[in-house]
Amino acid sequence: MITNSKVLKASVIVGAAALLAGCGTTGGGDGGNAGGGNADGAYVTVVKLQGVGWFDRMEVGVDEWAKETGLDARQEGADDASPEKQIQIIQDLIAQSPAAITVVPNSPEALANVLKDARDKGIIVVAHEAPGIKNVDLDIEAFENKAYGATIMTELAACMGEEGEYVSFVGGLTAATHMDWVSGALDEQTTKYPDMKRVEDPIESKEDENVAYERAKEILAKYPDIKGFQGSAGTDVAGIARAVAEAGMNDQVCVMGTSIPSVASKYIADGSIDKIFFWDPALAGKAQLAAARILVEGGEVKEGTDLGVEGYESLKKLAGFDNVFVGDAAVIVDKSNIDNYDF
């Protein structure tokens, strides 16, 4: 269990991807290696949506990586978290023959076919927040997801006095990592905190703070004795906090989940958010691109690979997967240490 109040020491696991040798077929093996495709092409990161703090921060990392490497790299995304719009962006990119596409999918299942098309064209594909996604060369994670969810539950349980009702929010029911987080939290709760109870199936916020706000108001009305909220999308806890603050329940309700300081700081200051958990999206953006570059240049990503990015200096294989690698890149923030993070 991860207990450090600043840095989550999640055991991270990583497996080497079986990669294309420029022909678009999937092979087996112990490591990720590929060369081929348009080695002089761009590196494009496709995110769930643009215009929200989480992915604004990821774009900072993408832009920094471009400057640091001298390579053509950019970020693209739609104006909402629609799998269909993400598919269209990737289809348009395939026609441009980039060297690599890195993607944070809204729906791993929905993207499977278009990612296969990309690989069939010799384009390296690296995913993030999507263990088990099909038709990618690698998936790079900040940590092991269920352990992360369990850690959030440990902190939420402490805040709730290990008893009472709570709910869990996800950006989308098809968001694999969000579902892993709430699953890990539920497993931890049922095993260790029997006097707590999750009163609803995961509630979908559609990656929208206003939707999270409205859903939280509904929950507060439906369950007047609710004691806890777990958020997964970067905007969930901000929306939940607005509803909690409006109800004057800052001291009665514990609100915790994934977000970043720029989104959550004012709510942490007034106590409507108790703690946030995150990994730096900028570093995650760099890690995806660094892994993609290794593959584009014909190298191999394997156990112990150092991507040259903080938190991703010694990748490990995720048990049960051939091509999922994780780092050690998560932190916990509350009033005591939020000033240490300027994004």
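Whatever comes next refers back to the structure up there.
Draft legend 1. Looking closely at unusual backbone geometry. Within the chain, Ser-97 stands out as a residue other than glycine whose phi angle is a positive 55 degrees. When you line up the elements, Ser-97 lands in the loop between helix H2 (83-94) and strand E5 (100-103). The exposure class of Ser-97 is partly exposed, given its relative accessible area of 37%. Although it is not a glycine, Glu-207 sits at a positive phi angle of roughly 60 degrees. Structurally, Glu-207 is set in the loop between strand E10 (203-204) and helix H6 (209-222).

Draft legend 2. Structural context of the sheet that holds E5. A sheet is described by the order of its strands in space; here seven strands give the open sequence E4-E3-E5-E6-E7-E16-E15, paired in mixed fashion. Edge positions in the sheet fall to strand E4 (73-76) and strand E15 (316-317), since each has one partner strand and no second. Inspection of the sheet shows strand E7 (residues 138-141) paired to strand E16 (residues 324-326) by three bridges, in the parallel sense. Counted as the bridge partner of Asp-139 is Val-324 from E16. Contacts from H2 reach strand E3 (43-46), E4 and E5 within the one sheet, and its direction differs from that of E3 by about 170 degrees.

Draft legend 3. Region of the structure containing the nonpolar core. Judged by nonpolar contacts, the single largest core of 86 residues is most densely connected at Tyr-43, Ile-226, Phe-229, Ile-273, Trp-279 and Tyr-312. With nine residues, helix H9 (residues 281-296) is the largest single contributor of residues to this core. Apart from residues lying up to four places away in sequence, Trp-279 is in contact with Trp-54, His-128, Glu-129, Ala-142, Phe-143, Tyr-148, Trp-181, Thr-258, Ala-284, Tyr-312, Ala-329 and Ala-330.

Draft legend 4. Representation of the packing of aromatic side chains. Inspection of the entire model under this criterion finds eleven aromatic pairs. With a centroid separation of 5.7 Å and an interplanar angle of 75 degrees, the aromatic rings of Trp-181 and Trp-279 are classed as edge-to-face. Taken together, the residues Trp-181 in helix H5 (residues 176-192) and Trp-279 in strand E13 (residues 275-279) connect sequence positions 98 residues apart. Trp-279 gets classed as buried once you look at its relative accessible area, which sits at 2%.

Draft legend 5. The arrangement of the pattern of salt bridges in detail. Per the stated rule, a full pass over the model turns up 18 salt bridges. Between Arg-74 and Glu-76 there is a salt bridge, with the nearest N and O atoms lying 2.9 Å from each other. On the basis of relative accessible area, Glu-76 is assigned to the partly exposed category, the value being 23%. Across the pair Glu-218 and Arg-215 runs a salt bridge whose closest N-O atoms are separated by 3.6 Å. You can see Glu-218 and its partner Arg-215 sitting in helix H6, three residues apart, about one turn around the helix. For Glu-218, a relative accessible area of 46% puts it in the partly exposed group.

Reading guide: rules and limits
- Residues numbered from 1 in each chain as written.
- Predicted model: local features only at pLDDT ≥ 70, side-chain atom pairs only at ≥ 80, totals over all residues.
- Heavy atoms only, no water.
- Helix = DSSP H or I, 4+ residues; strand = E, 2+ residues; numbered from the N terminus.
- Buried < 20%, exposed > 50% of the residue type's maximum accessible area, 1.4 Å probe, protein only.
- Pairing = 2+ DSSP bridges.
- Contact = heavy atoms within 4.5 Å.
- Axes fitted to C-alpha atoms, helices over the stretch in contact; angles between N-to-C directions.
- Core = buried A, V, L, I, M, F, W, Y, C linked by side-chain atoms within 4.5 Å.
- Phe/Tyr/Trp six-rings, centres within 6.5 Å; stacked < 30°, edge-to-face > 60°.
- Salt bridge = Lys/Arg side-chain N within 4 Å of Asp/Glu carboxyl O.

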